[in-house]
2 protein chains.
Amino acid sequence: MAVYTDVSDEALAAFLEAYPLGELVAFRGIAEGVENSNFSLRTGTGDYILTLYEKRVDPQELPWFLGLMRHLASRGVTCPQPIAGRDGEALRTLAGRPAAITSFLPGVWPRRVRPEHCRLLGHALATLHLAGADYPVERPNALGPHAWMPLLESCRATGDRVQPGLVDELDRALASILPAWPTQLPRGQIHADLFPDNVFFLESAGRRHLSGLIDFYFACTDLLAYDIGVCLNAWCFEPGMEFNLTKAKHLLAGYESVRRLDPAERAAVPVLAQGAAIRFLLTRLYDWVNTPAGAMVTRKDPLEYLRRLRFHLTAPGPEALGL
Amino acid sequence: MAVYTDVSDEALAAFLEAYPLGELVAFRGIAEGVENSNFSLRTGTGDYILTLYEKRVDPQELPWFLGLMRHLASRGVTCPQPIAGRDGEALRTLAGRPAAITSFLPGVWPRRVRPEHCRLLGHALATLHLAGADYPVERPNALGPHAWMPLLESCRATGDRVQPGLVDELDRALASILPAWPTQLPRGQIHADLFPDNVFFLESAGRRHLSGLIDFYFACTDLLAYDIGVCLNAWCFEPGMEFNLTKAKHLLAGYESVRRLDPAERAAVPVLAQGAAIRFLLTRLYDWVNTPAGAMVTRKDPLEYLRRLRFHLTAPGPEALGL
């Protein structure tokens, strides 16, 4: 759930005066998202999302994220659009946090992923990669491979409380993944966090379409095919952690219907998927061991990602991932 | 927060087929409410709330609650209205829970209560009491005075972990409150849980009005003036637990602009406020000592209500509450 910060009536009213959106009609916390506080906001002019950016988001980077969302939309990627205030500014402060209003996207994220979702996701991911190509400013991936060993170090003393032997296993995994990490693949703007709850779908007249992508606050400039690794992990494992090859093939086919992977990218997908698994494993492990037992925060289970990592480390090659 | 149960796409789609509401457009969990799982639902015909009733709600009582909401609306109380399916039924099953769709109410609950809110609240509360007078079926208050000693008994072994001496203090309080509990006051349908987050307001052209009441799932048949006790506790204490007499006077004046309290009710408000304080204290204490430390549930602090109880037990009489 994600309402870490609540907003007083007076502060909200004063904030809304900076926008030409009419009178406040409804305001409710949204029980989705993990990093920031999100509210659904209805005014006389329509529906919006109000986001308060919490501690993990660097305020100096917000213009980059909002600019990327505008850039992508102008090239056909449906994503929330920052709403400018009367002063032209989309970013201001509310309840002591950086805050922005964005447009409301219709759609429902899939609770149960089907191969058809994966095909549409792949198509949208490749479209995003092409659309981002001329977004001029780079943002390094703060959670890329250089960050993984420091994350593991910060959990070294306590990580085995989650599972005995875990820290050793992650040491061995990093010793295998980091030297194999590719550097020469096509780079560009990636989403880097495209989990099912960040992708909305709609069905109309029996036909499903992808209605938009949300939550760009981990977006960065990195290897395009790394996003495929993130999505293979997030979309193609069954609840029992079996890898669903059909979903993977749909995801890749959807992607390649827009942007062909080059041979070096195809060869690198297995190690990119390993890296994507260890990246989410490590941040979840960090949160797990650093969240006080009484804190009212939903901690995500790091071990789900250990099972994904083990699958990828023992997979025989790109074919096992549908390539 | 309240999304205890999530809903698969297929289950939601099948559920919506029972309603003449058009196609699904959006579906998001709401981070408000404590007892049930609530989702904002948009379809081709508008906005709705989908509620899954969780374990504290007895499914057999749901028709009583939904019927009361229909009855009150027909007499001018704005509250969510159950939406009937094509078969005429408003209640069905989703994700293994009883579930209903209700209408969406515009409005914003007050994060910071002002005297004007209290006046409007009092007016709405009295309107509700009059409107409920001819709702024919009684529902006993499951959390009325007969329930308080058993609740305390169930916390006897562990309650002092929250604060040393707490169980003794509550024993003494019940020994004072229960014998003084009135029985001959006017009775009727009460809300019994009218906290600020259950009351929506809107401002239009600089004028504030109350746009609706929600969450009737503690409603029952009991002393009308007990609802005043609940509201005095929930609306008239400052964050530092000082009692705000101005807010109390506004609440009572708003109430009496619609329904006059008789002299016996006025005399009983202090003990009713004591009882309302101990009722919320005991259920919060029960939840506190019975919620596993790791559970991802927001526990409300019982001690906030101990401070209210102490205020009421030492208040010199009805005048101290604004009567």
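Owing to the predicted nature of the structure, the values given are computational and were not obtained by experimental measurement.

### Side note on helix H6 (residues 224-235) of chain A
Residue and element names in this part refer to chain A.
1) Next: Here H6 spans 17 Å end to end across twelve residues, near enough to the 16 Å set by a 1.5 Å rise per residue.
2) Next: With twelve of its twelve residues buried, H6 lies for the most part within the structure.
3) Next: The complete set of buried residues in H6 reads Leu-224, Ala-225, Tyr-226, Asp-227, Ile-228, Gly-229, Val-230, Cys-231, Leu-232, Asn-233, Ala-234 and Trp-235.

### Section: unusual backbone geometry
All names here are of chain A.
1) Next: We note that Ala-192 has phi near 75°; this positive angle belongs to a residue other than glycine.
2) Next: Inspection of the secondary structure puts Ala-192 in the loop between strand S6 (187-190) and strand S7 (199-204).
3) Next: On the neighbour-count criterion, Ala-192 (21 C-beta atoms within 10 Å) is buried.
4) Next: Phi at Met-241 is positive, roughly 70°, even though this residue is not glycine.
5) Next: Relative to the elements of secondary structure, Met-241 occurs in the loop between H6 and helix H7 (245-256).
6) Next: Judged by the 14 C-beta atoms lying within 10 Å of it, Met-241 falls in the partly exposed class.

### Notes on the interface of chain B and chain A
1) Next: With 32 residues of chain B at the interface, the matching set in chain A holds 33 residues.
2) Next: Breaking the side of chain B that touches chain A down by element, the ones donating at least two residues are helix H1 (9-16), strand S1 (24-29), strand S2 (37-43) and strand S7 (199-204) of chain B.
3) Next: With six residues, S1(B) is the largest single contributor of residues to the side of chain B that touches chain A.
4) Next: Per-class residue counts for the side of chain B that touches chain A are 15 nonpolar, seven polar and ten charged.

### Brief notes about the nonpolar core
The nonpolar side chains of soluble globular proteins are, as a tendency, buried together.
1) Next: Judged by nonpolar contacts, the single largest core of 183 residues is most densely connected at A:Leu121, A:Cys231, A:Leu251, A:Leu272, B:Cys231, B:Leu251 and B:Leu272.
2) Next: Apart from residues no more than four positions distant in its own chain, A:Cys231 is found in contact with A:Leu121, A:Leu125, A:Leu194 and A:Leu251.

### Digging into the domain arrangement of chain A
Interfaces are often described in size by the accessible area the parts lose on coming together.
Residue and element names in this part refer to chain A.
1) Next: Split by domain assignment, chain A resolves into domain 1 (9-103) and domain 2 (115-321).
2) Next: Domain 1 and domain 2 are separated by 27 Å when their C-alpha centres are compared.
3) Next: Each partner contributes to the interface: domain 1 provides 18 residues, whereas domain 2 provides 17 residues.
4) Next: Class assignment for the residues of the side of domain 1 that touches domain 2 results in nine nonpolar, five polar and four charged.

### Describing the packing of helix H5 (residues 166-180) of chain A against helix H8 (residues 263-290) of chain A
Residue and element names in this part refer to chain A.
1) Next: Contact geometry for H5 and H8: axes closest at 10 Å, N-to-C directions at 140°. Taken together, the axis directions place H5 and H8 in an arrangement best described as oblique. The handedness of the crossing between H5 and H8 is left-handed. Between H5 and H8, the contacting residues are Leu-170, Ala-173, Leu-174, Ile-177 and Ala-180 on the first element and Val-271, Gln-274, Gly-275 and Ile-278 on the second.

Rules behind the numbers
- Residues numbered from 1 in each chain as written.
- Chains lettered and ligands numbered in written order.
- Predicted model: local features only at pLDDT ≥ 70, side-chain atom pairs only at ≥ 80, totals over all residues.
- Helix = DSSP H or I, 4+ residues; strand = E, 2+ residues; numbered from the N terminus.
- Expected span 1.5 Å × (residues − 1).
- Buried ≥ 20, exposed ≤ 12 C-beta atoms within 10 Å, placed from the backbone.
- Contact = placed C-beta atoms within 7 Å.
- Nonpolar A, V, L, I, M, F, W, Y, C, P; charged D, E, K, R; others polar.
- Core = buried A, V, L, I, M, F, W, Y, C linked by C-beta atoms within 7 Å.
- Domains from an automatic or database assignment.
- Axes fitted to C-alpha atoms, helices over the stretch in contact; angles between N-to-C directions.
- Parallel < 35°, antiparallel > 145°, perpendicular 65-115°, else oblique.
- Left-handed = near helix turned anticlockwise from the far one by under 90°.

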